[in-house]
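Residues per chain, in single letters:
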Amino acid sequence: MSTFEQRRRVAFAVARKDLTIEWNSRILVNQVAPFAAIIMVLFAFALDNEGILQRVAPGLVWLATLFSMLVVIQRTFAVESADGALDALRVAGVDPSAIFIGKSLALMVQLFALELLLVGTAVVLYGVEMSLVGFAEAIVTLLTATVGLACVGTLYGGLAAGARGRETLLPLLLLPVVAPVLIGATRATEAAFGSGGAQVSEGWPWILLLAVFAVIFAVVGSVAFGPLVDE
Amino acid sequence: MNSAVASPRGTGTRNTRILGILTIASMAFLALLGLVFSAEDRDQGSSVRIMYVHVPSIWVAYIAFGMTAACSAIYLSSRNRSLIWDRFAGAAGEIGVLFVAVSLVTGSLWGRLSWGTYWVWDARLTSTAFLFITYLGYLAVRRLGGTHRQRARRSAVLALLAILEIPLVHFSVRLWRSLHQEATVATGGTDVHMDGLMLFSLFFGLISFTLLFLWLVIHRQRSLALEDAMENRGLDAAIEARREEAVS
Amino acid sequence: MEDASFIIGSWVLTFVAIGAYAAFVIRRGRELSRNATSEEMPWT
């Protein structure tokens, strides 16, 4: 129906629209980022020991990412379903896979910013130290994990959007699916941080797992998004 | 009972009644086999008796989830998109959730006797727990509302996504476990020596639970069909009421 | 004895769960079929 070029343009338009809305409302900066930071502080209260914090910092960073992601996804789809914008796009005959890619891109940008903040918090609050190679590995981990998370998040967020009780449904659907990302990203970040004596080289196989996950859900998501949100 | 036969009411027919009687009889025989006749296992002791209900339950759960996926695929690919496939998928999903829950609980009771602990972070156990949560989500999506066609398509796509997700989760949990070589107890089950009667009891359990599954899924599909029909009727009545309002 | 109680517990739990679900399915079917037409019950 639509050529590749058209689809690309729609995807970028959707992504730009989402990021503009975000930029104007500043929800991410004013509400989600403080929420993520307070999670990190609360973890420190719960695990009241500096040695432990340093050891489990990678897992905590990713848990905080997952929890904040739920808030961000609900926000991006609340924007769509509030005035029936998703329906309007669909009635206009816009390719759903382009909408999926666009929304995933916008989510990727927001998630990546959030993760950078969380890693920074871990460095400052939990006393994590990284080598230069470790830092590079951490960035690659963040990027691959973010692609996977954003694709899955957009897919299931679209399903839960516009339904009664979506606030409670989204975590139930999403958290089991992202378990592989939590496992892979935590191990890769452990290698990057050197927590528990892990070597930087141990991280790369886990990044491969993250990449496989990202590719699978990017492809499947662009196919399945249409039928899932189509009412 | 007699009046029910005279004017057929409910979701039963003559065939399902025969199936039901067969199921009850084989369940009773399974209880005798498992609790009385079969011997204790050399390694597991009497705790092997839990296996006669635990293994068939997880077996039924696998059949049920397989059926959910197959019926969802048939629904999406068939030209007329008959809702009967959607209802079979939903009925099987519901039964699968029930049996996975039963097998998780009986399994942890068995684990307590054999391993001394209710739970180990073994890959198979962990993925089974994920299976349970995933299909709870599937059932929740079925209850989201909207038209029956919306429900059918949404849940069918979700069921196919679950088929993709489960191997991924299982694979990554196995990778995760391979780094933490603490829980190898689960492989202890492979060197269990089984005599003929034990093997027969286990096999008989699989057959009788399969009969049970068939009986349940047929009845549940029919009661789901009635639920859909009643909802349609409520919708028709509402439209009729609106029309009368408009006329007057 | 702990073993016996766990074993009996497993069996009782399994059959109670199945029985409760089967009873729910049957009762729901009876309830709904009370005022269903025969077109709505193609199996009869």
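Just so it is clear, the structure is predicted and the values come from calculations on it, not from any experiment.

> Can you help me understand the overall build of chain B in this one?
In terms of helices and strands, chain B carries seven helices and zero strands. Going from the N terminus to the C terminus, chain B shows its helices and strands as α-α-α-α-α-α-α. Taken across its 248 residues, chain B has 40% of its residues classed as buried. Taking as baseline every contact in chain B between residues at least 6 positions apart, the subset at least 24 positions apart corresponds to 81%.

> Looking at this model, I keep getting lost on the overall build of chain A. Mind explaining?
Within chain A one finds nine helices and zero strands. Each helix and strand of chain A, placed in order from N terminus to C terminus, yields the pattern α-α-α-α-α-α-α-α-α. Computed over its C-alpha atoms, the radius of gyration of chain A comes to 18 Å, within 12% of the 17 Å expected for a compact globule of 231 residues. Its C-alpha atoms give chain A principal-axis dimensions of roughly 55 × 30 × 30 Å.

> So what exactly am I meant to see when it comes to the interface of chain B and chain C here?
Residue-level contacts link 31 residues of chain B with 24 residues of chain C. A per-element tally of the side of chain B that touches chain C places helix H7 (residues 196–247) of chain B first, with ten residues. Considered class by class, the residues forming the side of chain B that touches chain C number 15 nonpolar, ten polar and six charged.

> Explain the environment of A:Ile39 here, please?
Residue and element names in this part refer to chain A. By secondary structure assignment, the location of Ile39 is in helix H2 (residues 27–46). Along the sequence, Ile39 and Ala188 sit 149 residues apart, while their C-alpha atoms lie 21 Å from each other. The contacts of Ile39, once residues within four sequence positions are left out, are Ala64 and Phe67.

> Whenever I open this one, the interface of chain A and chain B confuses me. Can you help?
Chain A puts 19 residues into the contact, and the matching count from chain B is 22 residues. Counting only elements with at least two residues in the side of chain A that touches chain B, the list comes to helix H7 (166–177), helix H8 (179–193) and helix H9 (204–229) of chain A. Here the side of chain A that touches chain B gets six residues from one element, more than from any other, and that element is H9(A). In terms of residue class, the side of chain A that touches chain B is built from 16 nonpolar, one polar and two charged.

> Honestly, the UniProt feature "transmembrane region" (unreviewed entry) in chain B in this entry has me stumped. Any pointers?
Residue and element names in this part refer to chain B. Taking the numbering used here, the UniProt-annotated feature "transmembrane region" (unreviewed entry) corresponds to residues 18–37, 57–76, 88–111, 123–144, 156–176 and 196–218. As annotated, residues 123–144 has a helix share of 91% and a strand share of 0%, and its two end C-alpha atoms lie 32 Å apart. Spanning residues 196–218, this segment combines 100% helix with 0% strand, and its end C-alpha atoms are found 33 Å apart.

> Whenever I open this one, the nonpolar core confuses me. Can you help?
Across soluble globular proteins, nonpolar side chains have a tendency to be buried as a group. Grouped together as the largest cluster of nonpolar side chains are 119 residues, with contacts concentrated most on A:Leu118, A:Val152, A:Leu155, A:Tyr156, A:Leu210, B:Ala64 and B:Phe213. Take this core: its biggest share by element is 15 residues, from helix H5 (residues 96–126) of chain A. What A:Tyr156 contacts, discounting residues up to four positions off in sequence, is A:Leu170, A:Leu173, A:Leu174 and A:Val177. If you look at the next biggest cluster of nonpolar residues, it comprises 13 residues, including B:Leu30, B:Val48, B:Met51 and B:Leu202.

> What is the right way to read unusual backbone geometry from this model?
Most peptide bonds adopt trans geometry, and most residues besides glycine take a negative phi value. Look at A:Arg26: it is not a glycine, yet its phi comes out positive at around 60 degrees. Along the chain, A:Arg26 turns up in the loop between helix H1 (4–25) and H2. When the 10 C-beta atoms within 10 Å are taken as the criterion, A:Arg26 is described as exposed. Phi at B:Arg81 takes a positive value of approximately 50 degrees, unusual for a residue other than glycine.

> Can you walk me through helix H6 (residues 132–160) of chain A in this structure?
Given 3.6 residues to a turn, an α-helix orients residues that are three or four positions apart in the same direction. Over its 29 residues, H6(A) runs 41 Å from end to end, which matches the ideal 42 Å to within 8%, given 1.5 Å per residue. A large share of H6(A) lies buried, amounting to 22 of its 29 residues.

> Looking at this model, I keep getting lost on the packing of helix H4 (residues 83–114) of chain B against H7(B). Mind explaining?
When two helices pack together, their arrangement is given by the angle between the helix axes and the distance between those axes. All names here are of chain B. Between H4 and H7, the least distance of the axes is 8 Å, while the angle of their chain directions is 125 degrees. Between H4 and H7, the interaxial angle falls into the category oblique. Considering how the two elements wind past one another, H4 and H7 form a crossing that is right-handed. Note on element contacts: H7 touches H4 through Phe213, Leu216, Val217, Arg220, Gln221, Leu224, Ala225 and Asp228, opposite Leu83, Arg87, Phe88, Gly90, Ala91, Ala92, Glu94 and Ile95. Grouping the constituent residues of the contact of H4 with H7 by class yields ten nonpolar, two polar and four charged.

> What should I look at first to understand the UniProt feature "transmembrane region" (unreviewed entry) in chain A in this one?
All names here are of chain A. Following the UniProt record, the feature "transmembrane region" (unreviewed entry) maps to residues 27–46, 52–73, 105–126, 132–156, 168–186 and 206–229 here. Summarising residues 27–46: 100% helix, 0% strand, and an end-to-end C-alpha distance of 27 Å. As annotated, residues 105–126 has a helix share of 100% and a strand share of 0%, and its two end C-alpha atoms lie 30 Å apart.

> Any chance you could explain the arrangement of the chains here in plain terms?
There are two pairs of chains in contact here, and the one with the most contacts is chains B and C. Taking C-alpha atoms as the reference, chain A and chain C come no closer than 24 Å and do not contact one another.

> Which parts of the structure should I look at to understand the environment of A:Val219?
Tracing the backbone shows A:Val219 in helix H9. Taking the C-alpha atoms as reference points, A:Val219 and A:Ser97, 122 residues apart in sequence, are found 9.5 Å from one another.

> Can you help me understand the environment of A:Leu66 in this one?
Residues and elements named next belong to chain A. Mapping Leu66 onto the fold places it in helix H3 (residues 50–82). Considering only alpha carbons, one finds Leu66 and Ile27, 39 residues apart in sequence, at a separation of 17 Å. Apart from the residues within four sequence positions on either side, Leu66 is in contact with Leu175, Val178 and Leu182.

> Would you explain the packing of H5(A) against H6(A) in this entry?
Residues and elements named next belong to chain A. Contact geometry for H5 and H6: axes closest at 8 Å, N-to-C directions at 135 degrees. Judged by the inter-axis angle, H5 sits oblique to H6. In the packing of H5 onto H6, the handedness of the crossing is right-handed. Here Phe100, Lys103, Ser104, Leu107, Met108, Leu111, Phe112, Glu115 and Val119 of H5 lie close against H6, whose contacting residues are Ala138, Leu142, Thr146, Val147, Leu149, Ala150, Cys151, Gly153 and Thr154.

What counts as what
Residues numbered from 1 in each chain as written. Chains lettered and ligands numbered in written order. Predicted model: local features only at pLDDT ≥ 70, side-chain atom pairs only at ≥ 80, totals over all residues. Helix = DSSP H or I, 4+ residues; strand = E, 2+ residues; numbered from the N terminus. Buried ≥ 20, exposed ≤ 12 C-beta atoms within 10 Å, placed from the backbone. Contact = placed C-beta atoms within 7 Å. Rg over C-alpha atoms; globule rule 2.2 N^0.38 Å. Nonpolar A, V, L, I, M, F, W, Y, C, P; charged D, E, K, R; others polar. UniProt positions renumbered as here; feature names shortened; annotations may be inferred. Core = buried A, V, L, I, M, F, W, Y, C linked by C-beta atoms within 7 Å. Expected span 1.5 Å × (residues − 1). Axes fitted to C-alpha atoms, helices over the stretch in contact; angles between N-to-C directions. Parallel < 35°, antiparallel > 145°, perpendicular 65-115°, else oblique. Left-handed = near helix turned anticlockwise from the far one by under 90°.

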